[in-house]
Structure formats: C-alpha cells, structure tokens
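# Architecture and fold: a report
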Amino acid sequence: MPLFQRAPTTPEAQELGKPLDVPPDQVLTFTEDEWYQRVYRGEDVAQLTWRAVLMGSGLGFLLAFTNLYIGLKTGWHLGVAITACILSFTIWSFFVRSGLAKTPMTILENNCVQSTASSAGYSTGATLVTAFPALLMLSVTAENPAGVQLPVWVVALWTLLVAALGVVLAIPMKRSMINQERLTFPGGTAAAVTLQSLYSQGGDAVVKARALLWAGAVGMLVPLLKDLNIVKSLDGTGKLVRDTLLPGQSKIFDWLGSISVGGIAYKPSDFNIKLDHGVALVAAGAIVGIRITFWMVVGGLVLALYVTPLAMNAAWVNPAGELVHAASRPGAAWKEIGLWIGAPLLVASGLTAFFLGFRTILRAMRSLAGRGDAASSRELAAQIARTEVPTSWFTVGTIIAGVPLIALAYFVFEVPPHLGALAVGMTFFLGLVACRATGESDITPTGAMGKIMQLTYGVLMPQSVSANLMTAAITAGSAAASADLLNDLKSGYLLGANPRRQFIAQASGIVTGTIASVLGYYLLVPDATALTGVNGRDPAFAAPGAQQWMAVAQVFRLGIENLHPMARTCIAVGVAIGVAIALLERYAPANVKRWVPSATGVGLGFILPFYYPLAMFVGAALSTAFQKINAKLAERFVIPISSGLIAGESIVGVIVAGLNNFVFL
C-alpha cells in the first residue's frame, strides 16, 4: 500500500471521500471489530496527499509561533488542532472558489492537515519554554547579564529529536488506548466533531473563520503599537534611544494610594499592579477560564500586598558575608521571592495529584502488559497488520531518535551515556502514564513528568543543572508529543482514517515545527535580558515554566541551606499549600470542591508579574459574561476570536522582536 496518495480529481473520488453518516460520538462506543466493519474508510479514500501535508505544514509553521509566544508569556501550551481545522477548511474552500485549486479536500485530508499542523504547532515547543530558557537564566552573572545562549544547531537538533522520540513512543500505546479501551481523548474527539460539522455546515465554518481572521488582524496591530521600537529620541546625555508608539502597560491603579515598605512609599505600579495593553493574554484568559485566572489574581495580590513587604524587610548575611534581602525591589519580587512559593506549590500539587491518580498509573501499566491485545479473528488480524503502525517503526524510530539524543546529552550537557539511556527508558513509562491521563481527562501532566525526572537526576547528579534540566526536557517534551499524536489519531479513528497514513502526517509536521519554533525562540529570546529584564525594566517574557524548572535545579545545585531563610520558609509553605489543595480537590465533598482554590492559578499568580494574571482575568471575565448573555453565540465565537487574537499578536510579535533585536538597535 503506497502511503502518499493522489488528490481526488473525479466526482467518484469526491463522493468516496464524503463524511460518514455515523457521527463521532456514536463511533466512541464501537468495538474494534465494529470499527473496521462500519467506520474504516479503506485504503482508497484520499487522506495523505501532498496538498494536505503542505497546507498543514504552512499552518503549523505559523501556529508554532503562537504557542511559543504564549508559552513564554504564561507557561501554557494551547491546542491548535481545532484552529487548524477551521482555517484549513476555509482557506481551501477559497482556493476552490477562486480557481487556485481544482477540487475540495476530503474530510480525511483535512484531518491530515490538522494532524500535521498540530504536530508542528504544539509538539515542538515544550523544551523551548522550559529547559532552554532556564539554562539561559542560570548562565547569567553580574559580569554577563545577557547569559550564554546555546548554539542554534544544538537547540534545533534537540527539539527535533525529542519530538520525534515522543511520536514513536506513542506507537505501542495507540491500539490499546484508542481501539480497545476506547479512551475518550476529549481534544481529539472535539477535533473530529468540528471537522464533521464543518463538512455538514460549511456556512458556519466560514463565519467562524471570518471571526478568527478579523480578530487576527486586530491582534497584529498590537505589537506594532506597543512593542516596535520605532520612535527615536535623545536622552539626557544626547544618546539616541528608541521607544514604542504606546507603552506596554498603563499605571491606572496608582490613584488608589501608596504602599509603604521600610518607611518608603511605593505606588501600586511599582508592584506590577498595572494594566497590560496586549490582547494575547486577554484571549488566553478567555480560553483558560474564570476559576484559574481568578486565583491567579488572588495569588498575585497576596504576593504584592503581603509577601513582598515582608521580603524587602527580611535581611540576611549570606555565606559570602554579604547582606541581602529576600526581595530587592517591589517589581522584582515575583522572581526573587514569589518564585519560591509558586514553583514548590505547583510542583507539590502536580506530583500529589499524579500519585493520587494511582489507578491511572496501574491501568497504564496493565495496558503496557498487552492484556486483550490479540485480534478476535484472522481477518481482523490481517486488517490490523495493513492499517496500524508496525511495531518495527517503534523499534527503529526509538533507535534513530534515542541514540543521537543520548549522544547529544553526553557531548553537550555532560550527561553520562548510561544516565541518558535511563532518561529515555523512564520517558517511555512516564509518557505512557501521561498519555493515559490525556485520554481520560484531556490534561497532559507534562509538568509532573518533568519534575519526577528533575527530582531523580537531582539525586543522581545533584550539582549538574544541565543534566537536571535536559533529562527532564526529554520526558516532558516527548510526553507532550506522544499525547498530541494520540489525540490526533483519536480524531482520525472517529472519522475512519488510516492510522499509518496519519502517523506520517504527524511525523512530517515535526520538521516544520522545529524550524518555526527555533527561529521564533532566537528572535524572541536573543539573550537572557528578554527573560530577566534590564536596567530595572520588566522582562519581555516572564517564562513561568522556565522559572519553575530553574528553581528546582537551583535547590539541588546550591543546596537548600544556601538559600535565603525566607526563601526556605516559602518553599515549605508552597509545598504545604500545594499538597493541601491537591488533597482537597480529590477528596472534598462536591459542595465544597467548587470553593477549593486552583493550585495552578495560585502558583502562577506568585511567579508572574501581576499585570499578566490581571489581563487573563479580564479575558476570562469577558468570556463568562458573554456566555451568560448568549451561551450559543459564546460557544460559537469565543474560541475563534481568542485564537485569532493570540495568533495575530504572537506572529507579528515574533517579527517585531526580530526587528527590535537586529534592526532597530
């Protein structure tokens, strides 16, 4: 069976590619035998075509910028599959109407588009918002505030290999989790339902796409106004300086009064209590929701109004004989002391929730043992052999991706080969659990997976921050790629797609995503000052994911006894709060759970400048109000508008960052 196919050119081929009469929610209940009899479209329906892969690669290239931008801002990775579905359907429909394309794409071609785009836009950015920025910040010294950036070839090769490893590690999980156990994989199910509705209600897709594109146009204007250093002026010394047309934030809360610390009156804006002028954070908040963003604001206010004044007054003579305070100034408290509450809170909460879900872990181990793996008939076994991804691909792919990854870890990050091999082996088992969690809840616990690896290698190699960070990066990045592939394969399964062909589409997106993500990373973060700030100015990116990883690595490198006493107290408080919240979320009565704080929200509130949580809360509040006023319209437009705003600001934001860093010097 040839993997790549020709696009349909005849009415008969078009008719063959029509959507199924069986809706995706009904397919969810089918056994594997029933799927092959009633759902599988066979080998002749157009699916893996060059036009589908090229369209998916192009969309994925742009969407990779959006996830990198939002990841560096907020620590979140947002799924891009549904956005890719809507854009692909609309763009190709326009090509057909204008004569640029001869025939419409089949629904399975569009499924390949979203699979390629999702791989490019989601699977390749995890390490670039966590481990690499953390390493860069840890290289900062008083003599070199810019830090030391790794060579491009190292970052690109690492990103490519980690994503490739994640894709091949998902191969032995697919049939067990999707065909036999029929795990829901809510993200993949939602993408299948979206595609089915697009092909039955094309007009609705056009309306959503227009909303997305108009929102994208608005988002594109924002970086040009608040980020592009196009205004020239002279400072007091006659030196040429550049500034933006509009400031990044407004100090609209300064009228509320002042906050006194050590006899000095500070304005609220000194504590980062101000309004951000971007739209990407507002849109991200609309997607994330009111509960998490509300608790982000609560965490940020507790940091600003209570913890920061205490930290600025907390003096300590360190082992070097220097008098230091837990926080040097209000605007830096989020990264100087808030980090030591928020990061332990997030780590403790994530690990506690992970281990409380021991049933998920046990089910993952049982599925690995291959229970119920045999086909029920010889005919079914033959069909499986023709359509499923062969086990040999898993073996060869693991060698092709894993061996160079172990070598790179050894030669660049000084991880001994046997410990590098251990990291790859642990990644398979931890990725298995992460993928099952995704299938059951749509939550991929990559953070918990990474922290388990950091704790493991903190014991095995306590003084090596590079080993601590990069072994965790293998697990977190690969788990994200595996879960993304299984989500996409679930979408294809519900639509009757050939899994082997969809695997090729997914794998092809990795290359495009790596190019876009690495290019975007070096444009947005040319040196550490983009993450730490310079001359008292706020950083362009708070990089909360990297802040968490860096905090764990620092504890093992420095030893907890060398941290400021208040930082040690904050770690204990953060761990206690994180464990308590996880236990409450698991065991509290139903009428109490709604009042339990969000550990993610509170933790992020402590490790972000306050205007980040505030902007996200504004977006969540607007989305909630929209839903109250007109639930049907909100369901129809919140995601397209939010996705458009994020895409517009982030794509142009990458371009603006490149201009600022390399042109408008």
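Here the structure is shown first, and the text comes after it.
Residues numbered from 1 in each chain as written. Predicted model: local features only at pLDDT ≥ 70, side-chain atom pairs only at ≥ 80, totals over all residues. Heavy atoms only, no water.

## A few points about a nonpolar patch on the surface
This is how the line gets drawn: Here the term patch refers to residues with relative accessible area over 30% and no salt bridge, with like charges joined within 9 Å and nonpolar side chains (Val, Leu, Ile, Met, Phe, Trp, Tyr) within 5 Å. For the accessible areas, the method is Shrake-Rupley and the probe is 1.4 Å, while residue cover comes only from the protein chains on display. By definition, a salt bridge exists where a carboxyl oxygen of Asp or Glu is found within 4 Å of a side-chain nitrogen of Lys or Arg. Each helix is a run of DSSP H or I of at least 4 residues and each strand a run of E of at least 2, with the numbering of both proceeding from the N terminus. Any residue under 20% of the maximum accessible area for its type is buried, any over 50% is exposed, and the rest in between are partly exposed; the area is computed with a 1.4 Å probe on protein chains only.
There is a patch of nonpolar side chains on the surface, built from Leu221, Leu224, Leu225, Ile230, Val231, Leu245 and Leu246 and spanning about 570 Å² of accessible area. No other element matches the three residues that helix α11 (residues 202-226) contributes to the nonpolar patch. Note that Leu221 resides in helix α11. Among the residues examined, Leu221 registers a relative accessible area of 51% and is labelled exposed.

## Points about helix α5 (residues 81-98)
To keep things clear, this is the line we draw: One fewer than the residue count of a helix, multiplied by 1.5 Å, yields its expected span.
With 18 residues, α5 extends 26 Å between its outermost C-alpha atoms, agreeing within 8% with the 26 Å of an ideal straight helix rising 1.5 Å per residue. The set of residues buried in α5 consists of Ala81, Thr83, Ala84, Cys85, Ile86, Leu87, Ser88, Phe89, Thr90 and Trp92. Taken from the residues just after α5, Gly99 is the one with a positive phi, measuring 85 degrees.

## Structural notes on the packing of aromatic side chains
Our working definition: When two rings of Phe, Tyr or Trp (its six-membered ring) have centres within 6.5 Å they constitute a pair, described as stacked for plane angles under 30 degrees, edge-to-face for angles over 60, and tilted for the intermediate range. A positively charged side chain is recorded as over a ring if its NZ (Lys) or CZ (Arg) lies within 6 Å of the ring centre. The angle to the ring normal must also be within 35 degrees.
Considering all chains together, one arrives at 20 aromatic pairs under this definition. Here the aromatic residues Trp35, Tyr36, Tyr40 and Tyr493 are joined through ring pairs into a cluster of three or more. Sitting above the plane of the Trp393 ring, Arg500 keeps its charged end 5.9 Å from the centroid.

## Looking at unusual backbone geometry
For residues besides glycine, phi is generally negative; the peptide bonds are generally trans as well. Phi is positive for Arg182, close to 55 degrees, though the residue is something other than glycine. Within the secondary structure, Arg182 sits in the loop between α9 (171-180) and α10 (186-200). Despite not being glycine, Glu414 shows a phi value in the positive range, around 60 degrees. When you line up the elements, Glu414 lands in the loop between α18 (391-413) and α19 (417-441). On the basis of relative accessible area, Glu414 is assigned to the exposed category, the value being 62%.

## Here's the deal with the environment of Leu486
Our working definition: By definition, residues are in contact when any of their heavy atoms lie within 4.5 Å.
Structurally, Leu486 can be placed in helix α21 (residues 465-495). You can call Leu486 buried: its relative accessible area is 0%. In sequence terms Leu486 and Gly285 are 201 residues apart; their C-alpha atoms lie 26 Å from each other. With residues up to four places along the chain from it excluded, the contact list for Leu486 reads Ala170, Met173, Lys174, Met177, Ile178, Phe185 and Cys435.

## Describing the side chain of Thr352
Relative to the assigned elements, Thr352 resides in helix α15 (residues 339-356). Overall, Thr352 belongs to the buried group, its relative accessible area being 17%.

## Examining the packing of α21 against helix α22 (residues 499-524)
Convention followed: Each axis is a line fitted through C-alpha atoms, and for a helix only the stretch in contact is used; angles between axes span 0 to 180 degrees, taken between their N-to-C directions. If an angle is under 35 degrees, it is roughly parallel; if it is over 145, roughly antiparallel; if it lies from 65 to 115, roughly perpendicular; otherwise it is oblique. We call a crossing left-handed when the near helix sits turned anticlockwise from the far one by less than a right angle, and right-handed when that turn is clockwise. Residue type decides the class: Asp, Glu, Lys and Arg count as charged, Ala, Val, Leu, Ile, Met, Phe, Trp, Tyr, Cys and Pro as nonpolar, and the leftover types, Gly among them, as polar.
Between α21 and α22, the shortest axis-to-axis distance is 10 Å and the interhelical angle comes to 140 degrees. By the angle class used here, α21 and α22 are oblique. Note on packing geometry: the crossing formed by α21 with α22 is right-handed. Along its contact with α21, which presents Asp484, Leu485, Asp488, Leu489 and Gly492, the element α22 presents Pro499, Gln502, Phe503 and Gln506. By residue class, the composition of the contact of α21 with α22 is four nonpolar, three polar and two charged.

## Observations concerning the nonpolar core
Nonpolar side chains tend toward joint burial in soluble globular proteins. Heads up, the condition is: By nonpolar core is meant a set of buried Ala, Val, Leu, Ile, Met, Phe, Trp, Tyr and Cys residues that side-chain atoms within 4.5 Å join together.
Counting residues in each nonpolar core, the largest one holds 191 residues, and the members touching the most others are Trp158, Ile337, Leu469, Met470, Leu486 and Leu524. Here the element with the most residues in this core is α21; it accounts for 16 residues. In this structure, Met470 is in contact with Thr127, Ala131, Phe132, Leu135, Trp158 and Phe413, ignoring residues within four places of it in sequence.

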